[in-house]
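Below, each chain spelled out in residue letters.
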Amino acid sequence: LFVLWDGAFSYASKINPTADDIAKYEMFVEAAVEAHVAYGCNVTPKVHLMWKHVAGQMKLPGGLGQKREDWVEKLHQIK
């Protein structure tokens, strides 16, 4: 389950994703949600967003990779 989510987040984080990247993202997220539910986990708002909205947003200029704020989290960890 965690490997599937890791794959989905990895593709969702790409800058300027290709159509192939988006297709692979969709494959990972569908499998992740299926396993998530099979384990009895709830479909939380974050799961819903990943499942139903991220692929469309990946098609926007630059994709979602440019819009992440990992750099802010890294700065918090350094201090």
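Up top you'll find the structure we're talking about.
S.K.: Before we move on, could you go through the packing of helix α2 (residues 19-38) against helix α3 (residues 45-52) and cite the residues and values that matter?
M.R.: For the pair α2 and α3, interaxial distance at closest approach is 9 Å and the crossing angle is 145°. The two elements α2 and α3 cross, and the hand of that crossing is left-handed. Along the contact surface, α2 presents Y25, V29, E30, V33 and H36, while α3 presents V47, M50 and W51. A per-class count over the contact of α2 with α3 returns six nonpolar, one polar and one charged.

S.K.: Kindly report on the layout of surface pockets, identifying the contributing residues and their values.
M.R.: Volume-wise, the largest pocket comes out at about 280 Å³. At the level of elements, α1 (2-12), α3 and α4 (54-58) are the ones that each hand at least two residues to the lining of the largest pocket. Sort the elements by how many residues they give to the lining of the largest pocket and α3 lands first, with three residues. Here the lining of the largest pocket is built from residues that sort into six nonpolar, three polar and three charged.

S.K.: Hey, could you go over unusual backbone geometry for me, with residue numbers and the actual values?
M.R.: One non-glycine residue, N16, lies in positive phi territory at about 50°. Positionally, N16 belongs in the loop between α1 and α2.

S.K.: Let's hear about the nonpolar core: which residues, and what values?
M.R.: Nonpolar side chains tend toward joint burial in soluble globular proteins. Grouped together as the largest cluster of nonpolar side chains are 15 residues, with contacts concentrated most on W5, A8, Y25, V29, M50, V54 and M58. Elements represented by at least two residues in this core include exactly α1, α2, α3 and α4. With five residues, α2 is the largest single contributor of residues to this core. Contact partners of A8, with chain neighbours within four places excluded, come to Y25, F28, V29 and M50.

S.K.: Could you give an account of the environment of A31, naming the residues involved and the relevant values?
M.R.: By secondary structure assignment, the location of A31 is in helix α2. Owing to a relative accessible area of 28%, A31 belongs among the partly exposed residues under this scheme. Sequence separation between A31 and A8 is 23 residues, and the spatial gap between their C-alpha atoms is 9.4 Å.

S.K.: Pulling in residues and values, what's your account of the side chain of H36?
M.R.: Among the structural elements, H36 can be located in helix α2. Residue H36 is classed as buried on the basis of its relative accessible area of 11%.

Definitions and limits used
- Residues numbered from 1 in each chain as written.
- Predicted model: local features only at pLDDT ≥ 70, side-chain atom pairs only at ≥ 80, totals over all residues.
- Heavy atoms only, no water.
- Axes fitted to C-alpha atoms, helices over the stretch in contact; angles between N-to-C directions.
- Helix = DSSP H or I, 4+ residues; strand = E, 2+ residues; numbered from the N terminus.
- Left-handed = near helix turned anticlockwise from the far one by under 90°.
- Contact = heavy atoms within 4.5 Å.
- Nonpolar A, V, L, I, M, F, W, Y, C, P; charged D, E, K, R; others polar.
- 1 Å grid on protein atoms, 1.4 Å probe; cavity = no way out; pocket = protein on both sides within 12 Å on 5 of 7 lines; lining within 4 Å.
- Points joined across faces, edges and corners; volume = space filled by probe spheres on them.
- Core = buried A, V, L, I, M, F, W, Y, C linked by side-chain atoms within 4.5 Å.
- Buried < 20%, exposed > 50% of the residue type's maximum accessible area, 1.4 Å probe, protein only.

In short, the description is geometric, and any link to function would need to be established separately.
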